[in-house]
Number of protein chains: 2
Amino acid sequence: MPSRKSTSETRQIGTGLARIGDALRSQAWQQGAELGLTPTQARALALIGASPDGVGLTALARGLGVSAPSASETVKALVARNLVAKVRGTDRRATILTLTDEGETVANGVEGWPGFLEDAVAALPADDRTALLRGVSQVIRTLQEQGGIDPQRQCLTCRYFQPNRYAGSARPHHCGFVDAPFGDSGLRIDCPDHEAAAV
Amino acid sequence: MPSRKSTSETRQIGTGLARIGDALRSQAWQQGAELGLTPTQARALALIGASPDGVGLTALARGLGVSAPSASETVKALVARNLVAKVRGTDRRATILTLTDEGETVANGVEGWPGFLEDAVAALPADDRTALLRGVSQVIRTLQEQGGIDPQRQCLTCRYFQPNRYAGSARPHHCGFVDAPFGDSGLRIDCPDHEAAAV
DNA sequence: TCTAACAATTAGGAGTGCTAATTAAATGCC
DNA sequence: GGCATTTAATTAGCACTCCTAATTGTTAGA
């Protein structure tokens, strides 16, 4: 194994994940062109659509990982395109964002975006795929714990949430996505990997 | 955001990778602020620095996954900051880009960027880490074959790479460049000694 | 030679992202 | 109750990203 530079396994993985992220971004530009959306707009649309009761602008900004003014600007573009509606809430400082019917349609089109990536993943042998999922899940869990990723939507309505699986334990609940137990103090209000539980 | 849609392992991985990519991008903005670089500039700097003989603008654009005009604009900013030098080559249409001394210094600072991600990766058990590296490598190779990514300098596409030469051994692969055996944990995604294999 | 292909740039336009400052509404506290 | 603080969102101003289309040289091919 040649090396003058740092070459730890860890570093190679970091580099690889960064490359995949880059590929996703540049792919998003192309896919977005078809719908007239930029990557950020698409992501905002998805986040808003994922919140049935609407989202505030600040929460959206946190979810996108950008500043409030940036989010405001993006929302402005989406409103101008009639994809998103703004409503004033009980707290009359705040805005509540929801999708319009048209926005709903477009958001559905956005859903399958990482499809080309999934093709690549699907080409893996089953064993490697499982290992990859475990690794990615754990990385995400660590990032959330470090605060690098914004938690979204609440566990209580999440299909991955298994309350009191370990009754009596200090960490009685179980999250199936990151495959780890956690306690009441770890309950998420807004988890990016949230998926609505079946009714 | 997947909802009642397919929840396959594959889709989970796709979503997870996208999420990690988002985290990386927003982190890059913060880290970049310290050096006065945007994420794209940092990436361009790294790519130029990785090519000892210099790169052309078109190659750079492909590597960044953007159009030539976008790359041109980014390079203009780097040249203005005295981090990159442009030279006219034998082909007088083409430009050859190299780092200035100052650019070299800054590029070194950029190298450790995904550090916060690496912390997360380092927290994995060794087995999972190796499996993650193998999975990430294969995903990248598939993306390259699909044309979604510009060819990277990884073992899987290297002429010196002899996979499973010592099948059954703990270090089954062989690198012909350093003439030594190595295992999955030694797989490179960005190797300075990479030479593309014949098609 | 003359045309096609190619490398890079310019022009023009929408969007992203930042910090700092502003407006408006809700809270807190004496 | 009243006034200072905090909070939500926006505006202003700036640099950069990214695109397509058109332009200017330069090289290579029929």
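Structure report, in brief. Just so it is clear, the structure is predicted and the values come from calculations on it, not from any experiment.

**Let's talk about the protein's contact with DNA strand C**
The environment of DNA strand C is formed by 24 residues, the closest being Thr38 and Ser67 of chain A together with Thr58, Lys86 and Thr95 of chain B. Sugar plus phosphate: this is where 80% of the atoms of DNA strand C within 4 Å of the protein reside. Leu57 of chain B places a polar main-chain atom, nitrogen or oxygen, 3.3 Å from a phosphate oxygen of DNA strand C. One nitrogen or oxygen atom from the side chain of Thr58 of chain B is found 2.7 Å from a phosphate oxygen belonging to DNA strand C.

**Examining the interface of chain B and chain A**
The extent of an interface is frequently quoted as the accessible surface area lost upon association of the parts. With 68 residues of chain B at the contact, the number on the chain A side is 65 residues. Regarding the contact of chain B and chain A, the summed buried area is about 6,600 Å², with carbon and sulfur atoms giving 62% of it. Where Arg129 of chain B meets Glu9 of chain A, a salt bridge forms, and the shortest distance between an N and an O atom there is 3.5 Å. Of all elements in the fold, only helix H1 (9-35), helix H6 (115-122), helix H7 (126-146) and strand E5 (180-182) of chain B reach the threshold of two or more residues within the side of chain B that touches chain A. A per-element tally of the side of chain B that touches chain A places H1 of chain B first, with 17 residues.

**Structural notes on the pairing of strand E2 (residues 95-99) of chain A**
Residue and element names in this part refer to chain A. Only one face of E2 is buried: it carries Thr95, Leu97 and Leu99, and the other face, with Ile96 and Thr98, is open. Bridging between strand E1 (residues 84-88) and E2 involves five bridges; their strand directions are antiparallel. Residue pairing for E2: Val87 is matched across the bridge by Ile96. In textbook terms, the turn of a hairpin is the stretch between consecutive antiparallel strands, and for E1 and E2 this stretch comprises six residues.

Cut-offs used in this document
Residues numbered from 1 in each chain as written. Chains lettered and ligands numbered in written order. Predicted model: local features only at pLDDT ≥ 70, side-chain atom pairs only at ≥ 80, totals over all residues. Heavy atoms only, no water. Near = heavy atom within 4 Å. Polar contact = N/O pair within 3.5 Å; in protein donor to acceptor, adjacent residues only side chain to side chain. Contact = heavy atoms within 4.5 Å. Buried area = accessible area lost by both parts, 1.4 Å probe. Salt bridge = Lys/Arg side-chain N within 4 Å of Asp/Glu carboxyl O. Helix = DSSP H or I, 4+ residues; strand = E, 2+ residues; numbered from the N terminus. Buried < 20%, exposed > 50% of the residue type's maximum accessible area, 1.4 Å probe, protein only. Pairing = 2+ DSSP bridges.

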